[in-house]
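Here are the chains, one letter per residue:
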Amino acid sequence: ELRNNMIDGYDRNRNIPKAGFAAGPCLYKDTAQLNAFLKNSFSLGVAATKINRGFPYFIYSKMKNKFKKKLFSKRIGILGAAFKSDIDDIRDSLSIELYKFLKNKGLKVYISDEFLKMKEIIDKKILIKRSDIIILGVPHSSYKNIKIPKKKYLIDSWGFFWN
C-alpha cells in the first residue's frame, strides 16, 4: 500500500522494487558498514536487517497458521533460489535460507532455479506439478509466462503474478 501511494501520480517512483525476498551480500555488508560509521546508531538499518532475516520464519508462520497440522502433509515448492532475479548468485539468498529452514522443520520442500546447477534444484514445471504450495522466492523474468494452477496455494510477496 505504501509503495502504491508513492507511485500514484509520480511516475519517477514506478521502478521502486516491491517487497520480497530482498537479500544479497551488499545489503547486509553495507548496512553493517553504515551502522559502524554511525557508531552503532543506525537503528533503522539494524531493525530492517533483523526483519529481513526473519522473512523465512514469517513465511513459515503464515503457512502454519493457514494449514495448521495439515502443513506437514503439503509439498512446498520455492521458485527461484538466487538472491535476486536473473542471476546465478546464491550468496545470502533468503530462498536458500527458507529452503533449509523448511527442511529442518521436517517439511517436504522442492526448489527450482534455471540459473543454478545444484543437486537440490529441479525443473520449474516439475516443481509446479508436485507442489501444493508454491512460494515465489525470486521473480526471474522467465517466470512471467508461468501459469500457476488455481488449486495451488501461491505465496507471492513480490506481487509478481498479480499484474
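Here, the structure is the one placed above.
Per chain, residue numbering runs from 1 following the sequence as it is written. For this predicted model, a pLDDT threshold of at least 70 governs which residues receive local features, and a threshold of 80 or more governs which side-chain atom pairs are given and counted, while totals over whole chains, interfaces and linings are taken from all residues. By convention in this description, side-chain values take in all heavy atoms of the structure and omit both hydrogens and water.

Student: Sorry if this is basic, but what is going on with the layout of surface pockets here?
Tutor: Once rolled over the atoms, a probe with the size of a water molecule shows which space is left empty. Site definitions follow a grid-based scheme: protein atoms alone, a 1 Å grid, a 1.4 Å probe that fits but cannot get out for cavities, and for pockets an open set with protein on both sides within 12 Å along at least five of seven lines, plus lining residues having an atom within 4 Å of a point. Grid points are joined across faces, edges and corners, and a volume is the space filled by probe spheres set on the points. Estimates place the volume of the largest pocket at around 250 Å³. Around the largest pocket, the lining comprises 11 residues; the ones closest to its centre are K147, I148, K150, L154 and F161. Throughout, the ten residues Ala, Val, Leu, Ile, Met, Phe, Trp, Tyr, Cys and Pro are labelled nonpolar, Asp, Glu, Lys and Arg are labelled charged, and all others, Gly among them, are labelled polar. Partitioning the lining of the largest pocket into residue classes produces 6 nonpolar, 1 polar and 4 charged.

Student: Mind showing me how you'd approach the pairing of strand β2 (residues 108-112) here?
Tutor: A regular strand places its side chains so that they alternate between the two faces of the sheet. Within β2, 4 of the 5 residues are buried, which leaves it mostly tucked inside the rest of the structure. As defined by bridge partners, strand β1 (residues 75-79) adjoins β2 across 5 bridges and the pair is classed as parallel. Bridging across to β2, L79 finds its partner in S112. Call a crossover right-handed when, viewed with both strands pointing away from you, the route from the first strand across the helix to the second goes clockwise. Runs of H or I in DSSP of at least four residues are treated as helices and runs of E of at least two as strands, each being numbered from the N terminus. Running through helix α5 (residues 94-104), the crossover from β1 to the neighbouring parallel element β2 is right-handed. When a residue's accessible area, from a 1.4 Å probe over protein chains only, is under 20% of the maximum for its type it is buried; when over 50% it is exposed; and in between it is partly exposed. Any two strands with at least two DSSP bridges between them are considered paired.

Student: Explain α5 here, please?
Tutor: Along an α-helix, residues three or four positions apart point the same way, because every turn accommodates 3.6 residues. Listing the buried residues of α5 in full gives L94, S95, I96, L98, Y99 and L102. Of the surrounding elements, those touching the buried residues of α5 are α2 (25-37), α3 (43-53), α4 (55-67), β1, β2 and β3 (133-136). Any N or O atom pair separated by 3.5 Å or less is treated as a polar contact, with the protein-specific requirement of one donor-capable and one acceptor-capable atom, and with residues adjacent in sequence counted only for side-chain atom pairs. The opening residue of α5 is S93, an N-cap whose side-chain oxygen sits 3.2 Å from the backbone nitrogen of S95. Pairs of residues are marked as contacts when any of their non-hydrogen atoms sit within 4.5 Å.

Student: What is the right way to look at α4 in this model?
Tutor: The terminal C-alpha atoms of α4 lie 18 Å apart, and with 13 residues this matches the ideal 18 Å at 1.5 Å per residue to within 8%. For α4, the full list of buried residues reads F55, P56, I59, Y60, M63 and F67. For α4, the buried positions fall inside an angular range of 145° around the axis, keeping them on one side. The secondary structure elements touched by the buried residues of α4 are α3, β1, α5, β3 and β4 (153-155). Downstream of α4 by a residue or two, K68 has a phi angle that is positive, lying close to 55°. By this rule, a helix spans an expected 1.5 Å times one less than how many residues it contains. This arc is built from the directions going out from the helix axis to the C-beta atoms.

Student: How do you make sense of the sheet that holds β1 when you look at a structure like this?
Tutor: Strand pairs in the sheet, formed through backbone hydrogen bonds, run parallel or antiparallel to each other. The strand order β2-β1-β3-β4 describes an open sheet built from 4 strands, whose pairing is parallel. Since the sheet does not close on itself, it has two edges, and those belong to β2 and β4, each with one partner. Neighbour to neighbour, the strand axes of the sheet diverge by 20° on average, direction disregarded. Across the sheet, α5 lies against β1, β2 and β3, angled at about 160° from β2, the strand it touches most. To obtain an axis, a line is fitted to C-alpha atoms, over the contacting stretch when the element is a helix, and the angle between two such axes runs from 0 to 180 degrees between their N-to-C directions.

Student: Help me understand the nonpolar core in this model?
Tutor: Here is a general trend for soluble globular proteins: nonpolar side chains tend to be buried in one another's company. Ranked by internal contacts, the top residues of the largest apolar core, which has 38 residues, are M63, L79, L102 and I135. When residues of this core are traced back to their parent elements, those giving at least two are α4, β1, α5, β2, α6 (124-130) and β3. Beyond its immediate stretch of four places on either side in the chain, I135 contacts F21, I59, M63, I76, G77, I78, L79, L98, L102 and I155. Residues grouped as a nonpolar core are buried Ala, Val, Leu, Ile, Met, Phe, Trp, Tyr and Cys residues, joined through side-chain atoms within 4.5 Å.

Student: Even after reading the chapter, I still don't get the pairing of β3, so can you show me in this structure?
Tutor: Residues I133 and I135 line one face of β3 and the alternating positions I134 and L136 line the opposite face, and both faces are buried. In the sheet, β1 pairs with β3 via 4 bridges, with the strands oriented parallel. Bridge pairing in β3 places G77 opposite I134. Sheet topology places β3 next to β4; 3 bridges connect them, and they run parallel. Each residue of the ladder has a partner; that of I134, found in β4, is L154.

Student: Help me understand the pattern of salt bridges in this model?
Tutor: A side chain with one charge can pair with a side chain of the opposite charge if their charged atoms come near. In the sections that follow, a salt bridge refers to a side-chain nitrogen of Lys or Arg positioned within 4 Å of a carboxyl oxygen of Asp or Glu. Tallying each qualifying case throughout the model produces 5 salt bridges. Between R91 and D89 there is a salt bridge, with the nearest N and O atoms lying 2.6 Å from each other. For K124, the salt bridge is made with E114, and the minimal N-O distance between the two is 3.4 Å. Residue K124 is found in helix α6, and its partner E114 is found in the loop between β2 and α6; the two are separated by 10 residues along the sequence.

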